[in-house]
Amino acid sequence: MSFLSPRLQLKVSQKQILTPGLVQMVTVLQLNRLELKEMITQEIVKNPVLEEATEEAGEEITPEELLPLLEAEAISDPADRQILEATPGNQTSTTEGERANVAINGNLFPDPEEAASVAPIEAEAVTAGDPPTEPAAADPFDEIDFGTFFDDYLDPGYKSPASESVEKPSFETFLSAPVTLGDHLRSQLAVIVIPDEVRDAAEAIIGNLDEDGYLSASLEEIAPLGEHQTATVEAALTAVQSLDPAGVGARDLRECLLLQIESINGKGGVAWQIVSNHMHLLETRQFKEMARLLGRPLDHVEIAVYMIRHLNPRPGLRYSGAGARVVEPDVTFIKDGDDYIIQMNDEDVPQLRLNSQYKRMLDRDNGATKEVRDYVRERYTSAIQLMKNIEQRKQTILKVCQAIVRRQTEFLSHGLDYLKPMMIKEVAEEVGVHPSTVSRAVASKYVHTPQGVFELRYFFSEAVQGPSGSGTPLLLLKRKVKKMIEAEDRSKPLTDEQITAMLQTEGIDVTRRTVAKYREDMKIPSTHQRRVRN
């Protein structure tokens, strides 16, 4: 019979553990330029031994100079050192004066009685040694505080208003907040003369609009929330739909387009009739059939379709859409003759240095306690590790960019049509790092090239299968498909099978489903939807 009992077992195993320094290195590597600036600023605030290197900065200390001090604490100072030195067996190795100094320096703030008891020993040491030097006579003028004298006894006279401290408004007062769709509509609703209950229902409708300006809830759902009558909510919807931008408050695309046509006095016209009754023919581009059903010339239908194309299917997006994205390239490729110079864009990134003022706190002779020495040592170690990781990030990005330049020289010289397939694994083997390191090095980072600004990940693309397709990246394959569709006959558009056959004749081995997938990714309509019927 077996019994359960606690046991102790020794076992040897291998585990992969990420040290804090390695975690920080991985984190720093995947930061772009703006994120790195923010991280460095936060580290300067948290770590007192870190400071930004400037021309006015004082003495700088290097990690090599700190290494002996950081390793000095490997042999700790025994806590009973004073007791051991005070024992009779150890008196022969130290003099009385040394014991007195140890007694005083061992305590940063000695008691007065202890200091008084040590004073005679110091006197004896001085008597036995060289005569003490007399202190220099103090200058009596140094004891006068002339600044206080002038402030107390002299009249400063008249001060101009410019020298007075005037409270000025904050700079945030002059900053403008972005206008949302709801704010824009409520400002217009405030000047419309409507009953209060209709205004309250209109506020509820505005609150239920999505970012495109469409009403996301039905009137039957909005009415009970504010205890409104159905007629009141319908009147409120009419009021909201009369606001700018035209088409806001619509419940579907058809109603959105009709509201915009009505806003330009086009109600009842050809465009109105097409959107009202023949949306399916408009989607399939059957213009001739629309002209027959409407009893209008084909030219009128084409003019109406042209006007419909210029309507905005998402009227609220300009108020709800995300703002412009700021992109600052991390690297710049500069053409120098036939070669390219790789330059890191780190002008605005703070350059770190170690503050030498804290170095004296690592020495026991300066009276710093063990807690202070341990804290300063930890801060110095963390600062050196951060500086190494930032430099490692720079070198890794430079090596990856050098591999990109060697493989994409024709693209940098002639344009997108000369882009070559390139895999992250191949660059990782060339640089001598793991593929995940290359992936982090190019993540969210941009490069300024003679062909424009591109994301570093833009250069990595798989190759298409086939005799000549092996040198064609997927990006160029999509461009080929798009160019074929743009050059097709609108009355007889190319099918996916025909595009596949044309690519295969060029040596690119693709299937029809692959072509259809690429066409859908580029948001290109199907063959039936692209056909123009005369």
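Before reading on, note that the structure itself is shown above.
Scope of this entry: the structure provided in the associated data block. (Residues numbered from 1 in each chain as written. Predicted model: local features only at pLDDT ≥ 70, side-chain atom pairs only at ≥ 80, totals over all residues. Heavy atoms only, no water.)

Focus on the overall build of the protein chain
Across its full length, the protein chain holds 25 helices and seven strands. Looking at the 534 residues of the protein chain, the share that counts as buried comes to 33%. In the protein chain, the share of contacts with a sequence separation of at least 24, taken over all contacts with a separation of at least 6, comes to 64%. When the accessible surface of the protein chain is split by element, carbon and sulfur atoms take 53% of a total near 34900 Å². (Helix = DSSP H or I, 4+ residues; strand = E, 2+ residues; numbered from the N terminus. Buried < 20%, exposed > 50% of the residue type's maximum accessible area, 1.4 Å probe, protein only. Contact = heavy atoms within 4.5 Å. Areas by Shrake-Rupley, 256 points an atom, 1.4 Å probe, with all protein chains shown as cover.)

Overview of the pattern of salt bridges
Within the structure shown, the criterion is met by 24 salt bridges. Close ionic contact of Asp244 with Arg318 constitutes a salt bridge, the shortest N to O distance being 3.6 Å. With a gap of 74 residues between them, Asp244 in the loop between helix H11 (230-241) and helix H12 (253-263) and Arg318 in helix H17 (residues 317-320) connect regions that are remote in the sequence. The class for Asp244 is partly exposed, based on a relative accessible area of 36%. Relative accessible area serves as the criterion here: at 60%, Arg318 is assigned to the exposed category. As a salt-bridge pair, Lys420 and Glu410 come within 4.0 Å of each other at their nearest N and O atoms. Here Glu410 lies in helix H19 (residues 409-414) and Lys420 lies in the loop between H19 and helix H20 (424-431), a separation of ten residues in the sequence. Three or more residues are tied together by salt bridges with common partners; here these are Arg406, Arg407, Glu426 and Glu430. (Salt bridge = Lys/Arg side-chain N within 4 Å of Asp/Glu carboxyl O.)

What about the packing of aromatic side chains?
Tallied over the entire structure, the rule returns five aromatic pairs. Relative to Phe459, the ring of Phe411 lies with its centre 5.4 Å away and its plane at 80°, an arrangement referred to as edge-to-face. On the criterion of sequence distance, the pair formed by Phe411 in helix H19 and Phe459 in the loop between strand E7 (452-455) and helix H22 (474-486) is long-range, its members being 48 residues apart. Taking relative accessible area as the criterion, Phe411 reaches 0% and is therefore assigned buried. Linked through ring pairs, Phe411, Phe454, Tyr458 and Phe459 together constitute an aromatic cluster. (Phe/Tyr/Trp six-rings, centres within 6.5 Å; stacked < 30°, edge-to-face > 60°.)

Brief notes about the sheet that holds strand E3 (residues 331-336)
Ordered in space as E4-E3-E6-E7, the four strands form an open sheet in which the pairing is mixed. Both outer strands of the open sheet, strand E4 (339-344) and E7, are each paired with one neighbouring strand and no more. Looking at each pair of strands side by side, their axes are set apart by 25° on average, direction ignored. Of the strand pairs in this sheet, E3 and strand E6 (residues 446-449) are connected by two bridges, and their pairing is parallel. Bridge pairing links Thr332 to His448 in E6. Across the sheet, helix H18 (residues 370-407) touches E3 and E4, and the angle it forms with E4 is around 155°. (Pairing = 2+ DSSP bridges. Axes fitted to C-alpha atoms, helices over the stretch in contact; angles between N-to-C directions.)

Details of the environment of Met361
Here Met361 lies in the loop between strand E5 (352-355) and H18. With eleven residues separating them in the primary sequence, Met361 and Val372 have C-alpha atoms 7.2 Å apart. Beyond its immediate chain neighbours, meaning those up to four positions away, Met361 contacts Ala368, Val372, Arg373 and Val376.

Quick word on the environment of Ile222
One can find Ile222 in helix H10 (residues 219-225). What makes Ile222 buried here is its relative accessible area of 1%. Sequence separation between Ile222 and Asn208 is 14 residues; the distance between their C-alpha atoms is 8.6 Å. Setting aside residues no more than four positions away along its own chain, Ile222 makes contact with Ala204, Ile205, Asn208, Leu215 and Ala217.

What to know about the layout of surface pockets
Its volume calculated, the second largest pocket comes out at about 560 Å³. Lining the second largest pocket are 16 residues, with Leu282, Glu283, Arg285, Arg309 and Pro525 positioned closest to its centre. For the lining of the second largest pocket, the secondary structure elements donating two or more residues are H12, helix H14 (279-283), helix H16 (298-309) and helix H25 (527-530). When its residues are assigned to classes, the lining of the second largest pocket shows ten nonpolar, one polar and five charged. (1 Å grid on protein atoms, 1.4 Å probe; cavity = no way out; pocket = protein on both sides within 12 Å on 5 of 7 lines; lining within 4 Å. Points joined across faces, edges and corners; volume = space filled by probe spheres on them. Nonpolar A, V, L, I, M, F, W, Y, C, P; charged D, E, K, R; others polar.)

Quick look at the pairing of E6
Alignment of E6 against E7, held across four bridges, turns out to be antiparallel. Paired with Thr449 across the two strands is Gly452, which belongs to E7.

Some words on the packing of helix H23 (residues 496-505) against helix H24 (residues 512-521)
For the pair H23 and H24, interaxial distance at closest approach is 9 Å and the crossing angle is 110°. By the criterion of interaxial angle, the relationship of H23 to H24 is roughly perpendicular. In this structure, H23 contributes Asp496, Glu497, Ile499, Thr500 and Leu503 to the contact, and H24 contributes Arg512, Val515, Ala516 and Arg519. Classifying every residue of the contact of H23 with H24 by side-chain character gives four nonpolar, one polar and four charged. (Parallel < 35°, antiparallel > 145°, perpendicular 65-115°, else oblique.)

A short note on helix H8 (residues 181-189)
Listed as buried for H8 are Leu181, Gly182, His184, Leu185, Gln188 and Leu189. All buried residues of H8 fall inside an arc of 165° around its axis, so they share one side. Elements in contact with the buried residues of H8: helix H9 (196-207) and H17. (Arc of directions from axis to C-beta.)

Let's talk about the nonpolar core
Counting residues in hydrophobic clusters, the biggest one holds 29 residues, and the most contacted among them are Phe333, Val400, Ile404, Val427, Phe459 and Phe460. Among the secondary structure elements, those contributing two or more residues to this core are E3, E4, H18, H19, H20 and helix H21 (435-441). Look past the residues within four positions of Phe460 in its chain and what remains in contact with it is Ile404, Met422, Met423, Ile424, Val427, Val438 and Val442. Judged by nonpolar contacts, the second largest core, of 22 residues, contains Leu209, Ile222, Val240 and Val248. (Core = buried A, V, L, I, M, F, W, Y, C linked by side-chain atoms within 4.5 Å.)

Quick notes on unusual backbone geometry
In the segment running from Asp244 into Pro245, the intervening peptide bond is cis, with an omega of 5°. Positionally, Pro245 belongs in the loop between H11 and H12. In the Ramachandran plot, Asn265 falls in the positive-phi region, its phi being about 60° despite a non-glycine side chain. As for its placement among the helices and strands, Asn265 is situated in the loop between H12 and helix H13 (270-277). With a relative accessible area of 75%, Asn265 lands in the exposed category. Its identity as a non-glycine residue notwithstanding, Ser444 has a phi of 55°, on the positive side. Note that Ser444 resides in the loop between H21 and E6. For Ser444, a relative accessible area of 36% translates into the label partly exposed.

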